[in-house]
Amino acid sequence: MRRRRGILASLLVVEVMVVATIVFILWALRSPPAVQAFLVRLVMVSLLIFLAILFIRYFALLWFAYLGHAERNVFGEAKAGELPPISIIVPAYNEATVIEGALASLAGLDYPELEVVVVDDGSLDETLSVAAQWEGRHGSADFRIVTKGNGGKAAALNTGIAASKHPFIFCMDADSRLEPQTLRKAMQQFHDPSVGAVAGNVKVQNRGRVITNLQALEYIEGLNLPRRAQGFIAAVNIVPGPVGLFRREALEEVGGYDTDTFAEDADLTLKMVAAGWKVVYEDTAIAWTEAPENWLDLVQQRYRWTRGILQSLKKRKGLFIRPFPDFPLWLSAMEMGFEAVIWPILNVYAHLFFALVALLFGAGELLLYWWVLLTLLDLVAAFLTVSMEEESLSLVPFALIYRFFFILFLDVVKTFAALEELFNLGMGWEKVRRVATTQVTH
Amino acid sequence: MNVVDLLITIVVVTILVTIVLAVITYIAYKLRLARQPPEDPELEGDLRYFVRFLPPEVGQGQDAHATEA
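S.K.: Summarise the packing of helix H11 (residues 327-361) of chain A against helix H1 (residues 3-35) of chain B; cite the residues concerned and give the values.
M.R.: With their axes 10 Å apart at the nearest point, H11(A) and H1(B) run at an angle of 135° to one another. Judged by the inter-axis angle, H11(A) sits oblique to H1(B). In this structure, H11(A) crosses over H1(B), and the sense of that crossing is left-handed. Mapping the contact onto sequence places A:Val348, A:His351, A:Leu352, A:Ala355, A:Ala358 and A:Leu359 in H11(A) and B:Ile8, B:Val12, B:Ile15, B:Leu16 and B:Ile19 in H1(B). Looking at side-chain class alone, the contact of H11(A) with H1(B) contains ten nonpolar, one polar and no charged residues.

The following block contains the structure:
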């Protein structure tokens, strides 16, 4: 009942916005020519302001990302004797189709001493029996399987952390696959004793379809680019679930993962920044993940991400009006809120408003120039970011439909998710269906 | 219709269709969610491979023993 009321309330707010826009446009159409000319000018100015914000955001991200890229590997690669042992935590709930690939990638890691703790979170499928076959020594890693009643990902991660012993903890998803060098690359960032966590580089594994290729481009341009820019100032605001290396001391200081949000990774990162730890990005620490292969699953994933991030921010409401004394935390939270909620809502509204104005006032040419400029910008950004990551240039042409289709589509979903969170609508952890795109042999 | 008008039409239609598609997909996602059977609180936390052990309640039958002084 509460859920239905929330959906109705969300739809009502959207309807009010649309109706208000239409009423405004109808009123404008009946206005005298002088007023109409003024309104068209107003729309032009709005377009330019929107474009300016977008340009500034893009260029700031590209510039800081470039600086971050230029100074990477400043410490050089650590030698085997300097590599402290790492505990790897793999939380798994109904991951029978994909967990074997994840565990096989762990057995192939190039790292001297590892402990792998697989936490079965009360799975209802064969996850536990598949994982149990891996118990024991594989390569340089000791595999242990722990099982518990279903309690959510954050609780499973905390169980794994409590059951592990090494001074560094690597958290990943059960559908992730690591490159052999991932841990070595991430560990080199801990030369700085004030670094509490290293965010790695997540890439889409199951490419080939338009929807997964668009996500592959989005991970590079939309997610890794901001992370690379944030890494330059050591204030990454989300250590992603599939690839995050933590100093145990930092994790224990902040009390591990909280179980009251659906974005436990964002929440933990904010806690670490608040505790004064640096959170950095290492683009060569790569994890491959399985992206949703249909639109409904994609909506489900982004809906959860947006609401989870908002839940993390809501826990720190007071922060927004107090930038000092904790400026890095304030900056991280503001950036997170802007990227997750404010920008998507602004983007949807601007597109809708400009499209309607173009239709009704005959200002289509303005809209076209705006589209050409943005698409050119996206193409350049895609080319730069794809090149920085030494990825396949075949992803660049997808930038042509990236903003005006894919990002707009996702931003509509984020807008609804933000409205539902605003109305405190209940939600559950609905799992994205796994497809298992690679075969594993061991 | 010249090329510019054609491009304008494509851009406007793309924007509007994308927004409509996104709203429809969001509603479809919500309907899929609503059709899922509600979670049974009795089953919450159940494990497939283990049987949960529930100790007998004190005071029920002869299994409950009083501590001898």
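S.K.: Tell me about the pairing of strand S7 (residues 195-204) of chain A, residues and numbers included.
M.R.: All names here are of chain A. Of all the ten residues making up S7, nine are buried; the element is thus mostly covered by neighbouring parts of the structure. Summarising the sheet, S7 and strand S9 (residues 278-289) pair through eight bridges and their orientation is parallel. Bridging across to S9, Val202 finds its partner in Ala287. Pairing geometry for S7 and strand S8 (residues 244-247), over three bridges, is antiparallel. From the neighbouring strand, Ala197 faces S8, where its bridge partner is Phe246.

S.K.: How would you sum up the interface of chain A and chain B? Please name residues and give values.
M.R.: Contact with chain A, which involves 31 residues of that partner, is made by 25 residues of chain B. Secondary-structure elements contributing two or more residues to the side of chain A that touches chain B are helix H10 (295-314), H11, helix H12 (364-388) and helix H13 (402-422) of chain A. With seven residues, H13(A) is the single largest residue contributor to the side of chain A that touches chain B. Among the residues making up the side of chain A that touches chain B, the classes are represented as 21 nonpolar, eight polar and two charged.

S.K.: So what's going on with the sheet that holds S7(A)? Which residues, and what values?
M.R.: All names here are of chain A. The mixed open sheet is built from nine strands, whose spatial order is S3-S4-S2-S1-S5-S8-S7-S9-S6. Pairing within the sheet leaves two strands with one partner each, and these edge strands are strand S3 (136-138) and strand S6 (177-178). Pairing geometry for strand S5 (residues 168-171) and S8, over four bridges, is antiparallel. Directly across from Phe170, in S8, lies its bridge partner Leu245. Strand contacts of helix H5 (residues 153-163): strand S1 (86-92), strand S2 (114-121), strand S4 (141-148) and S5, with the helix running at about 150° to S1, the strand carrying the most contacts.

S.K.: Give me the packing of helix H7 (residues 210-232) of chain A against H12(A): which residues, what numbers.
M.R.: Residue and element names in this part refer to chain A. Two elements in contact, H7 and H12, have axes whose closest approach is 10 Å; the angle formed by their N-to-C orientations is 85°. Between H7 and H12, the crossing angle belongs to the class labelled roughly perpendicular. Touching Leu217, Ile220, Glu221 and Leu225 of H7 are Ala381, Ala382, Thr385 and Val386, all from H12. The class makeup of the residues in the contact of H7 with H12 is six nonpolar, one polar and one charged.

Calculation rules
- Counting restarts for each chain, with residues numbered from 1 along the sequence as it is written.
- Both sets of labels track the order of writing: A upward for chains, 1 upward for ligands.
- Reporting of local features is limited, given that this is a predicted model, to residues whose pLDDT is at least 70; pairs of side-chain atoms are given and counted only at 80 or more, and all residues count toward the totals for whole chains, interfaces and linings.
- For every element, the axis is a line fit to its C-alpha atoms; helices are fit only across the contacting stretch, and the angle between N-to-C directions ranges from 0 to 180 degrees.
- Helix and strand assignments follow DSSP, with helices taken as H or I runs no shorter than four residues and strands as E runs no shorter than two, numbered in order from the N terminus.
- Angle categories are assigned with fixed cut-offs, so that under 35 degrees is roughly parallel, over 145 is roughly antiparallel, 65 to 115 is roughly perpendicular, and the rest are oblique.
- Left-handed describes a crossing whose near helix is turned anticlockwise from the far helix through less than a right angle; right-handed describes the clockwise counterpart.
- With C-beta atoms placed from the backbone, a contact is any residue pair whose C-beta atoms sit within 7 Å.
- Under this grouping Gly is polar, as are all residues other than the nonpolar Ala, Val, Leu, Ile, Met, Phe, Trp, Tyr, Cys and Pro and the charged Asp, Glu, Lys and Arg.
- Here exposure depends only on C-beta density: within 10 Å of a residue's C-beta, 20 or more other C-beta atoms make it buried, 12 or fewer make it exposed, and intermediate numbers make it partly exposed, the C-beta atoms being placed from the backbone.
- Should DSSP find at least two bridges between two strands, the strands are regarded as paired.

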